[in-house]
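Each chain, letter by letter, is given below.
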Amino acid sequence: MDATAANLLLDHHRDHARDLPWRMTPRDPYRTWLSEVMLQQTTVATVTPRFLRFVERWPTVEALAAAPDEEVLGEWAGLGYYARARNLIACACAVAARGGFPRTEGALRKLPGLGAYTAAAVAAIAFGEDAVAIDTNVERVAARVFGIGDRKAAGEAARGSFPAGRHGEFAEALMDLGASICRPKAPNCPACPIAAQCKARALGSPEAFPAPKVKRVRPHRYGIAWWARRGDEVWLVRRPGSGLLGGMAALPGPEWGEERPAANAIAIHRHGFTHFTLDLMVVPCAEPPPGEGWWQPVGELASAGLPTLYRRAVEAALEAEREPRLAA
Ligand code: SF4
């Protein structure tokens, strides 16, 4: 994209930038960082209300660092990709300990959990550094403008398009274009400020860029979730601090495996993770299994901080208790 196209995009962005709650003037590094972490793999529509709750509860990085881990993980429940929440806590503690966010991409990259994209985005957007933030939106727009099939190559080609001194603004302009006009499906080319520069449009096939990812077959796994009841309460545990769903509230159960267990489930919840599909079988048991846990009132399950997998499994089990003949 040449300087003319970059200016056209920036002019368009000045009038059409999305009004998002983390885009205050001047940009706040805490909110910029928090939004970028939340937006990884999650849509703006899902993130917005959760972001607002987060900053109402913990308005500064110091407040977040001082919060108990269980409360932060509970507030994250339902957003998925829980390693992000654990990294968020570690990063908040590191930033609070050093007295604030570092201002450069290189120093930000050294913080726990900050990948190349997030470090560049925070440096460019919050601190005005000429760092280049390339996310999937930017890759898609670049793939189309330059007519390059390979996503990563398109992202690299976009690096030279960022105008000096305006990297943060340009990154946001590209993100907004990718989210609202140059969408993955049905791009709205007639409304695009850089349509005249776009090779994919000239070829008549914008959706063909970038080339589609090769779909991998996801392996299947099975798990048991023990369903121990005591009156109107159910036994919950906290998962180990590391690994999938680490530190999150859960139903108890053994490690998941590739063999389907021979067990009488009252409900089975199928859940898609990034790398595999899980059938979680909810199996009644008379006593809680050994180990630490707590009795959670069924009427207060919403405040237990269960991630989506366990929330859905619990809902399926409660439904099966109400309608036993319809159960799995
Ligand atoms: S012209 Fe169409 S395909 Fe090209 S950048 Fe604009 S919206 Fe995307």
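Residues numbered from 1 in each chain as written. Predicted model: local features only at pLDDT ≥ 70, side-chain atom pairs only at ≥ 80, totals over all residues. Heavy atoms only, no water.

J.: Could you give an account of the overall build of the protein chain, naming the residues involved and the relevant values?
T.: A count of helical and extended segments in the protein chain gives 13 helices and 6 strands. Relative to its full complement of 328 residues, the protein chain shows a buried share of 47%. Partitioning the intrachain contacts of the protein chain with sequence separation of at least 6 by distance along the chain shows that 66% fall at a separation of at least 24. Of the roughly 16,400 Å² of accessible surface on the protein chain, 52% is carried by carbon and sulfur atoms. Distance from the positive charge centre (39 side chains) to the negative charge centre (36 side chains) of the protein chain: 5 Å. (Helix = DSSP H or I, 4+ residues; strand = E, 2+ residues; numbered from the N terminus. Buried < 20%, exposed > 50% of the residue type's maximum accessible area, 1.4 Å probe, protein only. Contact = heavy atoms within 4.5 Å. Areas by Shrake-Rupley, 256 points an atom, 1.4 Å probe, with all protein chains shown as cover. Lys, Arg positive; Asp, Glu negative; His and termini not counted. Charge placed at Lys NZ, Arg CZ, Asp CG, Glu CD.)

J.: I'd like to hear about the layout of surface pockets, residue by residue, with values.
T.: Within this model, the largest pocket holds a volume of roughly 1,600 Å³. If you go around the largest pocket, you meet 43 residues; those closest to its centre are Gln-40, Gln-41, Asp-135, Thr-136 and Asn-137. When contributions to the lining of the largest pocket are tallied by element, the ones reaching two or more residues are α2 (29-38), α8 (116-127), α9 (136-146), α10 (151-158) and α11 (167-180). Residues of the lining of the largest pocket, tallied by class, amount to 15 nonpolar, 12 polar and 16 charged. (1 Å grid on protein atoms, 1.4 Å probe; cavity = no way out; pocket = protein on both sides within 12 Å on 5 of 7 lines; lining within 4 Å. Points joined across faces, edges and corners; volume = space filled by probe spheres on them. Nonpolar A, V, L, I, M, F, W, Y, C, P; charged D, E, K, R; others polar.)

J.: Mind laying out the site of the ligand, listing which residues take part and the relevant values?
T.: Neighbouring the ligand are the residues Arg-144, Val-145, Ile-181, Cys-182, Cys-189, Cys-192, Ala-195, Cys-198, Arg-201 and Pro-206. The pocket occupied by the ligand, as judged from atoms lying within 2 Å of grid points, is the largest cavity. For the shell around the ligand, the per-class residue count stands at 8 nonpolar, no polar and 2 charged. (Near = heavy atom within 4 Å. Sits in = over half its atoms within 2 Å of the grid points.)

J.: So what about the side chain of Thr-32? Which residues, and what values?
T.: Here Thr-32 shows up in helix α2. The buried category is assigned to Thr-32, whose relative accessible area is 3%. In this structure Thr-32 touches Arg-27, Val-122, Ile-125 and Ala-126, once residues within four positions along its chain are discounted.

J.: Lay out helix α6 (residues 83-98) with the relevant residues and their values.
T.: An ideal rise of 1.5 Å per residue puts 22 Å on 16 residues; α6 measures up with 23 Å between its terminal C-alpha atoms. The set of residues buried in α6 consists of Arg-84, Ala-85, Leu-88, Ile-89, Cys-91, Ala-92 and Val-95. On its buried face, α6 sits against α2, α3 (44-57), α4 (61-66) and α5 (69-76). Gly-99 occupies a position one or two residues after α6 and carries a positive phi of about 85°. (Expected span 1.5 Å × (residues − 1).)

J.: Please give an account of empty space enclosed by the protein that cites residues and values.
T.: Taken as a whole and judged by the stated rule, the model has 1 cavity of 30 Å³ or more. Around the largest cavity sit 15 residues that line it, and Arg-144, Cys-182, Cys-189, Cys-192 and Cys-198 are the ones nearest its centre. Counting residues per element, the lining of the largest cavity draws most heavily on α9, which supplies 3 residues. Across the lining of the largest cavity, the residue classes break down as 12 nonpolar, 1 polar and 2 charged.

J.: Account for unusual backbone geometry, with residues named and values stated.
T.: Phi is mostly negative for residues that are not glycine, and the peptide bonds are mostly trans. The omega torsion of the bond from Thr-25 to Pro-26 falls at -10°, within 30 degrees of zero and hence cis. Relative to the helices and strands, Pro-26 is located in the loop between α1 (3-16) and α2. Residue Pro-210 is reached from Phe-209 by a cis peptide bond, and omega for that bond is -10°. Its location among the elements puts Pro-210 in the loop between α12 (199-202) and β1 (220-230). In this structure, Tyr-81 is a non-glycine residue whose phi angle is positive, near 50°. You can see Tyr-81 is positioned in the loop between α5 and α6. A relative accessible area of 39% means that Tyr-81 is categorised as partly exposed. Of note, the phi angle at Leu-245 is positive, near 55°, even though the residue is not glycine.

J.: Outline the packing of aromatic side chains, supporting the account with residue identities and numerical values.
T.: Taken as a whole and assessed by the stated rule, the structure comprises 10 aromatic pairs. In textbook terms, an aromatic cluster arises when at least three aromatic residues are bridged by ring pairs, as seen for Tyr-30, Trp-33 and Phe-101. (Phe/Tyr/Trp six-rings, centres within 6.5 Å; stacked < 30°, edge-to-face > 60°.)

J.: Could you give an account of the side chain of Arg-50, with specific residues and numbers?
T.: Along the polypeptide, Arg-50 turns up in helix α3. A polar side-chain atom of Arg-50 sits 2.8 Å from the main-chain carbonyl oxygen of Ala-77. When near neighbours in sequence (up to four residues on either side) are disregarded, Arg-50 contacts Met-38, Glu-75, Trp-76, Ala-77, Gly-78 and Leu-79. (Polar contact = N/O pair within 3.5 Å; in protein donor to acceptor, adjacent residues only side chain to side chain.)

J.: Lay out the domain arrangement of the protein chain in plain terms, naming residues and giving numbers.
T.: Examined at the domain level, the protein chain breaks down into domain 1 (3-208) and domain 2 (220-326). On a C-alpha basis, the centres of domain 1 and domain 2 stand 35 Å from each other. For the pairing of domain 1 and domain 2, the buried interface totals around 740 Å² over both sides, and the portion due to carbon and sulfur atoms is 59%. On the domain 1 side of the contact with domain 2, Leu-73, Tyr-82 and Arg-86 bury the most area, a combined 58% of that side's loss. Counting across the interface, domain 1 meets domain 2 through 0 salt bridges. If one sorts the elements of the side of domain 1 that touches domain 2 by residue count, α5 sits on top with 3 residues. Tallied by class, the residues present in the side of domain 1 that touches domain 2 amount to 4 nonpolar, 2 polar and 2 charged. (Domains from an automatic or database assignment. Buried area = accessible area lost by both parts, 1.4 Å probe. Salt bridge = Lys/Arg side-chain N within 4 Å of Asp/Glu carboxyl O.)

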